[in-house]
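# Structural overview
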Amino acid sequence: MEPSLDVVGVGNAIVDVIAMVDDDFIEKHGLAKGAMTLIDEERATSLYAVMPPALEISGGSAANTVAGVASFGGSAAYIGKVRNDQLGEVFAHDLRAAGVGFDVSLASSGPPTGRSLIQVTPDAERTMNTFLGTSTLLAPADIDPELVASAAITYCEGYLWDVDVAKAAIRSAMDAASEAGRLVSLTLSDSFCVDRHRHEWLDLISDTVDLVFANETEICSLFEVDDFDAAAAQAAEITEIVALTRSARGSVVVSGAERVEVPAVDVAEIVDATGAGDLYASGFLFGLAAGVGLQRCAELGSIAAAEIISHVGARPQARLGSLGG
């Protein structure tokens, strides 16, 4: 049976709280610049209290990606957990308004909806301190195997792997996709995630994953090497397609003996790097589901990444399909 959806994403349902700060703010509050750090509710409350005025936008890595797929004109759905609180209602509304299917029940008890406190410095680097909240309670019971089977590609977020019940949910989604003969994709999310889960992920990629997304730091960390080309070659030996972003140097895609290099799209001013990798994945997945070649997939990824770094926030402000999709 032909898929009725292009992509279903599985990830941490998060609301982004984005503020522009200087490097002194990062140092004063002991933040790990450029990294995603998990924090508890108390730390989230105290950090939010000292942040300058901020923009609150529904986010979450995989949610950003499927919103981008929809912006290209593709069909997408999302699986993630939010609470029946104000931020949870905002998250659900924003995702549906973007054209993404979201039918997971809002939790009626437990922690509040997750949020990521994002500090953007003048160099456009983003520093994320994330309270996962109820997103960590995503469980296998929340995975609809029929929904997963209806999508050409299932895209799973590495950030979810930090919690056992959410890890089980990812495995459930991947199993459903594999059983239906669909493509399984994993984004490595963050080099710190790679450090925590390297051995599990190497096994998972070898056994289950067809498409891996990573940036240069993440893929080198996965194989514990300093040489990008060596890491890319090793990745291509254990999975079907590897899509690797290199910031201003564009991206490299490797599939078997095929290697494609695509430059980044020029941007007049880089305002906020938040979501660049998420939106690169949007373009790539949209192209792959449409059946275009890897070169075009990577070009679509570059188009989407360029749009997202030209403004604050990790959701497109322009219809990506009108930019070359």
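To keep things clear, this report deals only with the structure shown in the data block. For clarity, every value in this text was computed on a predicted model and none was experimentally measured. (Residues numbered from 1 in each chain as written. Predicted model: local features only at pLDDT ≥ 70, side-chain atom pairs only at ≥ 80, totals over all residues. Heavy atoms only, no water.)

### Examining the environment of Ser75
For Ser75, the position within the fold is in the loop between helix H3 (61–72) and strand S5 (76–79). Along the sequence, Ser75 and Gly158 sit 83 residues apart, while their C-alpha atoms lie 22 Å from each other. (Helix = DSSP H or I, 4+ residues; strand = E, 2+ residues; numbered from the N terminus.)

### Focus: the pattern of salt bridges
Counted under the stated rule, the structure contains 14 salt bridges. Note that Asp123 is salt-bridged to Lys33, the shortest N-O span being 2.9 Å. Here Asp123, found in the loop between strand S7 (114–120) and strand S8 (126–131), pairs with Lys33, found in the loop between helix H1 (23–28) and strand S3 (36–38); they are 90 residues apart in sequence, far enough to count as distant. Since its relative accessible area comes to 37%, Lys33 is described here as partly exposed. Across the salt bridge formed by Glu216 and Arg249, the nearest N and O atoms sit 2.7 Å from each other. Linking Glu216 in helix H8 (residues 216–223) with Arg249 in the loop between strand S12 (241–245) and strand S13 (251–255), this pair joins segments that are 33 residues apart in sequence. In this structure, a network of salt bridges that share partners links the residues Asp23, Lys33 and Asp123. (Salt bridge = Lys/Arg side-chain N within 4 Å of Asp/Glu carboxyl O. Buried < 20%, exposed > 50% of the residue type's maximum accessible area, 1.4 Å probe, protein only.)

### A word on the packing of aromatic side chains
On inspection of all chains with the given rule, the structure shows 7 aromatic pairs. Seen in terms of ring centroids, Tyr78 and Phe91 are 5.8 Å apart; in terms of plane orientation they differ by 50 degrees. Their pairing is tilted. Of this pair, Tyr78 sits in strand S5 while Phe91 sits in helix H4 (residues 86–97), and the two are 13 residues apart along the sequence. Summarising the burial analysis for this pair, Tyr78 and Phe91 share the class buried. The rings of Tyr155, Phe213, Tyr280 and Phe284 are connected pair by pair, giving a single aromatic cluster. Residue placement shows Arg246 over the ring face of Phe228; its charged tip is 3.8 Å from the ring centre. (Phe/Tyr/Trp six-rings, centres within 6.5 Å; stacked < 30°, edge-to-face > 60°. Lys NZ or Arg CZ within 6 Å of the ring centre and 35° of its normal.)

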